[in-house]
Amino acid sequence: MKRSLSVLLVVLAAFVLVLAGCGAKEKTSTGGESSGDGKKVYKVGTEATFAPFESLDDKGNIVGLDFDILQAIADEMGFEVEWQNIGWEPVFQTIKNGETDIGAAGISINDKRKETFDFTEPYYESQLLIVVKEDSKIKSLADLKDKKISVQINATGHEAAKKLQGESSPNIMAFENQPVAIKEMLNGNVDATIGDNAVVYEYIKAHPTEKLKVIEDDAFEKEYYGFMVQKGNTELLNKLNEGLKKIKENGKYKEITGKDLK
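To keep things clear, this report deals only with the structure shown in the data block. Given the structure is predicted, the values throughout are model-derived calculations rather than measurements.

## A word on the pairing of strand 12 (residues 172-175)
Direction of pairing for strand 11 (residues 149-152) relative to strand 12: parallel, over a ladder of 4 bridges. Looking at strand 12, one finds that Ile149 is bridged to Ile172. Once you follow strand 11 into helix 5 (residues 156-165) and on to strand 12, the crossover reads as right-handed.

## A short note on the pairing of strand 11
Of the two faces of strand 11, the one lined by Ile149 and Val151 and the one lined by Ser150 and Gln152 are each fully buried. In the sheet, strand 11 pairs with strand 13 (residues 192-196) via 2 bridges, with the strands oriented parallel. Along strand 13, the bridge assignment pairs Ile149 with Ala192.

## Side note on the sheet that holds strand 5 (residues 54-56)
In space, the 3 strands of this open sheet follow the order 4-5-6, with antiparallel pairing throughout. Of all the strands in the sheet, the pair left with one neighbour each is strand 4 (49-50) and strand 6 (62-63). Pairing geometry for strand 5 and strand 6, over 2 bridges, is antiparallel. Counted as the bridge partner of Ser55 is Val63 from strand 6.

## So, the pattern of salt bridges
This structure, assessed with the given rule, holds 11 salt bridges. One salt bridge in this structure joins Glu167 and Lys162, with 3.6 Å as the shortest N-O distance. Residue Glu167 is classed as exposed on the basis of its relative accessible area of 62%. Exposure remark for Lys162: the relative accessible area of 12% places this residue in the buried category. Connected through shared salt-bridge partners, Lys112, Glu159, Lys162 and Glu167 make up one network.

## Looking at the packing of helix 2 (residues 65-77) against helix 8 (residues 234-249)
Running from amino to carboxyl end, helix 2 crosses helix 8 at an angle of 100°, the nearest separation of the two axes being 8 Å. As judged from the angle between their axes, helix 2 and helix 8 are roughly perpendicular. Seen from helix 2, the contacting residues are Ile69, Leu70, Ala72, Ile73, Glu76 and Met77; seen from helix 8, they are Lys239, Leu240, Glu242, Gly243, Leu244, Lys246 and Ile247. Partitioning the contact of helix 2 with helix 8 into residue classes produces 8 nonpolar, 1 polar and 4 charged.

## Looking at the nonpolar core
Ranked by size, the top nonpolar core spans 32 residues in total, and within it Leu70, Phe227 and Leu240 carry the most contacts. At the level of elements, strand 3 (40-46), helix 2, strand 7 (80-85), helix 7 (197-206), helix 8 and helix 9 (252-257) are the ones that each hand at least two residues to this core. With 6 residues, helix 2 is the largest single contributor of residues to this core. Those residues in contact with Phe227 that lie beyond four places of it in its chain are Asp66, Ile69, Leu70, Ile73, Ile102, Gly103, Ala104, Asp118, Phe119, Thr120, Tyr123 and Leu240. The next biggest cluster of nonpolar side chains, apart from the first, holds 16 residues, and it includes Ile149, Val151, Ala160 and Ile172.

## Notes on the packing of aromatic side chains
Evaluation of the coordinates by the stated rule reveals 10 aromatic pairs. Residues Phe92 and Phe117 carry aromatic rings whose centres are separated by 5.8 Å and whose planes lie at 65° to one another, so their mutual orientation is edge-to-face. Taken together, the residues span a long stretch of sequence, with Phe92 in helix 3 (residues 88-97) and Phe117 in strand 9 (residues 117-119) at a distance of 25 residues. Judged by its relative accessible area of 13%, Phe92 falls in the buried class. When its relative accessible area of 7% is taken as the criterion, Phe117 is described as buried. Geometrically, the ring pair formed by Tyr124 and Tyr225 is stacked, given 6.0 Å between the ring centres and 20° between the ring planes. Of the two residues, Tyr124 sits in strand 10 (residues 124-133) while Tyr225 sits in strand 15 (residues 222-225), which places them 101 residues apart along the sequence.

Calculation notes
- Counting starts from 1 at the beginning of each chain's written sequence and moves along it residue by residue.
- Owing to the predicted nature of the model, reporting of local features is limited to residues with pLDDT of at least 70; listing and counting of side-chain atom pairs is limited to 80 or more, with chain, interface and lining totals taken over all residues.
- Derived side-chain values reflect all non-hydrogen atoms in the structure, with water molecules and hydrogen atoms excluded from consideration.
- Here, a strand pair is defined by DSSP locating no fewer than two bridges between the strands.
- Think of it this way: any DSSP run of H or I at least four residues long counts as a helix, any run of E at least two long counts as a strand, and we number them from the N terminus.
- The path from the first strand over the helix to the second decides the hand: if it runs clockwise while the strands point away from the viewer, the crossover is right-handed.
- For each residue, the accessible area found with a 1.4 Å probe, counting protein chains only, is set against the maximum for its type, and the residue is called buried under 20%, exposed over 50%, and partly exposed in between.
- In the sections that follow, a salt bridge refers to a side-chain nitrogen of Lys or Arg positioned within 4 Å of a carboxyl oxygen of Asp or Glu.
- Helix axes are fitted to C-alpha atoms over the stretch in contact, other axes to C-alpha atoms as well, and angles between N-to-C directions run from 0 to 180 degrees.
- For this classification, under 35 degrees means roughly parallel, over 145 means roughly antiparallel, 65 to 115 means roughly perpendicular, and everything else is oblique.
- Residues count as neighbours in contact if any of their non-hydrogen atoms are within 4.5 Å of one another.
- Ten residue types, Ala, Val, Leu, Ile, Met, Phe, Trp, Tyr, Cys and Pro, are classed as nonpolar, four, Asp, Glu, Lys and Arg, as charged, and the remainder, Gly among them, as polar.
- To define a nonpolar core, start from buried Ala, Val, Leu, Ile, Met, Phe, Trp, Tyr and Cys residues and group those joined through side-chain atoms within 4.5 Å.
- The criterion for an aromatic pair is that two Phe, Tyr or Trp rings (for Trp, the six-membered ring) have centres within 6.5 Å, with stacked assigned to planes under 30 degrees apart, edge-to-face to planes over 60 apart and tilted to the rest.

Written as structure tokens, this is what we have:
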């Protein structure tokens, strides 16, 4: 009886191992999973209210410049991407925890973020803008010194507002995404909002009846977006950089964005 039980246990163990080997994906030590055809599959975290970089179409699919650029890189380098719309703050946390592999959400590269994450070479140039109601008397960043400002939480607009008014200023209201920050200004809850230029102009294009005024200020430095990976994930970082270089050289990048980026 004991011998029969031992044989049965061995058979069951072997069966479990076979099932595990037949799975469609397996976790690898360098991040990413392997698909049935052997390609690496990397999980991409995003916040899909940041048009034109990422948003949801009528069918709930993620679309936008980040999606197209990263897909072009994946095609060049022979891997696959699996997108997850998880929200702005979770993009950073899940990369840190290893739950996702790539952060793609119009993320500006800066020294503070580079302490915790690694970034690709820049793939887009951006600059902050001030948005106010059409009849506002605000003309510059300096005019916001004692005004109420709405921003996307922990985005570079948030950092600019804190630099102007102080880290703990009660006049800074931070929200999960930029469209909500703009709505707060339109509703009269704040005097102005600060956001990235491409996103601001995309919002204005989508809401032509809202009476908004855009203010450019040289006090804002140029920013550069990069794809973000876990600190030390050199293998993935090198793949992304190589793919980005290839699509710049073969014209695919310009086809997607309409711009050249050296």
